[in-house]
Amino acid sequence: MAEVETVGVVGAGTMGAGIAQVAATGGHPVRLYDAAPGFAAKSAAAIAGRIDRLAEKGTLSPEAAAAAKARITVVDGLADMAPCGLVVEAVVEDLAVKHQVFTTLEQHCAPDAILASNTSSIPIARIAQALQRRDRVAGMHFFNPVPVMRLVEIISGPDTAAAVADRLSVLGERFGRVPVKVKDAPGFLVNLGGRSFTTEGLAIVQEGVATPEQVDQVMRDCCHFRMGPFELMDLTGIDVNHPVSEIVWQGYYCDPRLRTTPYHRSLREAGRLGRKTGQGHFAYDAKGVRTPGAVPPLPAADPAGRVVLLDVSAALADLVAGAEIIAHDDGLSPLLVAPVGEDCTAVAVRLGVDHRRLVAVDLACDTSRRVTLMTAPGADPAILGAVAARIAGNGRAVTAIKDSPGFIQQRLRAMIANLGCEMAQIGIAQPADIDTAMQLGLNYPQGPLAMADAMGVAAVHAILRQLQDATGDDRYRPSQWLRRRALLGLPAATPA
C-alpha cells in the first residue's frame, strides 16, 4: 500500500467538513468536493474559521493554522480525486448514492488508493459489492463533532485487506483520533454497544418501575454517567435513536437483548423528537433549557427511629445513622435489605418476612449523593416515608421506585456489561478496543468490560440470571463470554 499523502473528502456537510479539518490539521493536503454547487467552498470557509479560532485559543500556533488552511483545496468533481491516496465518502445514508460515488472513484483513483466510507449504518460489504477492487474498501466512521470526538472506527468488510485497515489506523492517529478496529456488523461497535443504555432505561419506564427523570438522576448521581439515557435520547433525537435501534435489532435477527419499546416508537410517531422539537421525554423552552420531569412524591413521615438490618452492612447502617438499629424484628420497625438482582417481593418470600415493612436499598453503586429505595406491592407507605426521611436527613437525595429485580442501575449496568461481553464473544472488536470505543464514543464512565469487573463479573451474571428468571424474557440472557468468566472467576476481558 503506497504512502498516503493527499486525502479526498466527498461530501462537505457537518461530517465531511470535520473530517477535512482533522486531516488538514494532521498534515495532509485535502481535496474537498460536494455535489451541491458552491457548497464545498462555503464549507471550506467555515473550516478556515474554526481553524482560526483554534489559533486564537492557543490550540494551534498561527503558523500551523495558516498551513492547515492552505492544505484544503475545493475541487469540482470526483475525477479531481485522482491524486488522492485515501478518499473518505461522507454523503447521505443512501446505498444507491454511495454506489455511484464509489464506482466513479474507482474509475479515477489509483489502484492502490483506499476508498473509505463514513457510514454509520450501512454494512461495508454492501457498499463494496458494486466495485471491482473490494479489498481496498473499508469503513472510517468518525463521530460528531469530528474535531472534538477522538474516536474513529476502522471497519473491515469481508473482503477488506488487512493492510488497508492497518493503514487507516495509522492515518486515524495522524488525524489526531484514536482508532479501533471493528468487524463489519449491524451498528458496528458504538451504535451496537450503545443500545443497552437507552433500551433498558426505556424498559424500566415501560414497566412503570420509574420515571425518565428518576432513571436519569440515578445514572448520573450514582453511576457517574454525564447524561442519563433519556436526556441523551432527547439530545440525539428520537428520530435518530429509534430508527437506529430498530435497524440494529433487525440486523441481529430480533435478538431480544437489543429490543426497544412501544413507548420509544410512540414518541417518534407523535413527533416528540427531543430538544429539536421542544418535547421528547422532557419539555424544552426556546433556548433548549429542560423542564425537570416528573418524580413521584415521597410519603410524608418522620425519620425512622428504629430499624432492623436484615443485611449486616456498615454502609447500610451509615445511611440510617441516627436511628436505633435493633437486632430482632419487633413487628413494627422498618426491615432493611440490600439485594443484588432480586426484587423486594422475592426477598420477602425468601426470608419469610413481612413485605409491608420491607424496604430494599441499592448499595451496589455510589450512595454518597443519592440512594435508591424500593418496596413490594402492598407495602406500608409510612414505612417507606420514614426510611426515606432518615436517609434524606443524613444528606442524601432519595429515589423511591416500584419493585424491580436489580433496581435501576444494576439492570442498566448489567445490560451494558453483557452487551460488551457479547461483542467480545462474536468478535466485533478486541476487549480493550470495546472499552476504549464506548468511553470515547459515548462518554461512558467505564467501558462495558471494565464495568463488569467493577460490579463483579459473578454479580453481573447473577443479576442477569435473576432478571431472566423473574421476567421469563431472554432479553436478559447472559452472554456465553460473561457466563464462562463468571463461573471461572476470571476478569471480563480475559481472552478466549
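Look above for the structure.
Cut-offs and rules
- Residues numbered from 1 in each chain as written.
- Predicted model: local features only at pLDDT ≥ 70, side-chain atom pairs only at ≥ 80, totals over all residues.
- Heavy atoms only, no water.
- Pairing = 2+ DSSP bridges.
- Helix = DSSP H or I, 4+ residues; strand = E, 2+ residues; numbered from the N terminus.
- Axes fitted to C-alpha atoms, helices over the stretch in contact; angles between N-to-C directions.
- Contact = heavy atoms within 4.5 Å.
- Core = buried A, V, L, I, M, F, W, Y, C linked by side-chain atoms within 4.5 Å.
- Buried < 20%, exposed > 50% of the residue type's maximum accessible area, 1.4 Å probe, protein only.

Draft legend 1. A look at the sheet that holds strand β3 (residues 72-74). Strand order in the open sheet made by the 8 strands is β3-β2-β1-β4-β5-β6-β7-β8, with mixed pairing throughout. At either margin of the open sheet sits one strand with a lone partner, and together these are β3 and β8 (178-183). The sheet shows a mean angle of 25° between the axes of neighbouring strands, taken without regard to direction. Here 4 bridges tie strand β4 (residues 86-89) to strand β5 (residues 114-117), and the two strands are oriented parallel to one another. Among the inter-strand pairings, L86 is bridged to a residue of β5, identified as I114. Helix-sheet contacts for helix α6 (residues 162-174) involve β4, β5, β6 (137-142), β7 (151-156) and β8, and the interaxial angle to β6 is about 25°. Sheet contacts for helix α17 (residues 431-442): β7 and β8; angle to β8, the most-contacted strand, approximately 120°.

Draft legend 2. Broad picture of the sheet that holds strand β15 (residues 370-374). Strand order in the open sheet made by the 6 strands is β12-β11-β13-β14-β15-β16, with mixed pairing throughout. The open sheet is flanked by β12 (324-326) and β16 (397-401), the only strands paired with a single partner. Averaged over all pairs of adjacent strands, the angle between strand axes in this sheet comes to 35°, irrespective of strand direction. Examined bridge by bridge, strand β11 (residues 306-309) and strand β13 (residues 335-337) share 2 bridges and lie parallel to one another. In the sheet register, V308 faces β13, and the bridge partner there is L335. The sheet strands contacting helix α14 (residues 344-351) are β13, β14 (358-361) and β15, and the helix crosses β14 at an angle near 120°.

Draft legend 3. Expanded view of the nonpolar core. M81, L105, L189, V215, M219 and I408 are the most contacted members of the largest nonpolar core, which has 97 residues in total. If you tally residues by element for this core, the top one is helix α16 (residues 409-425), at 9 residues. In terms of nonpolar packing, the next biggest core, distinct from the first, is built from 37 residues, A20, I47, A65 and I154 among them.

Draft legend 4. Quick look at the environment of G251. Note that G251 resides in helix α11 (residues 238-251). The class of G251 is partly exposed, set by a relative accessible area of 30%. Along the chain, G251 and P62 lie 189 residues apart, while their C-alpha atoms are 48 Å from each other.

All quantities given are derived from atomic positions and should not be read as evidence of function.
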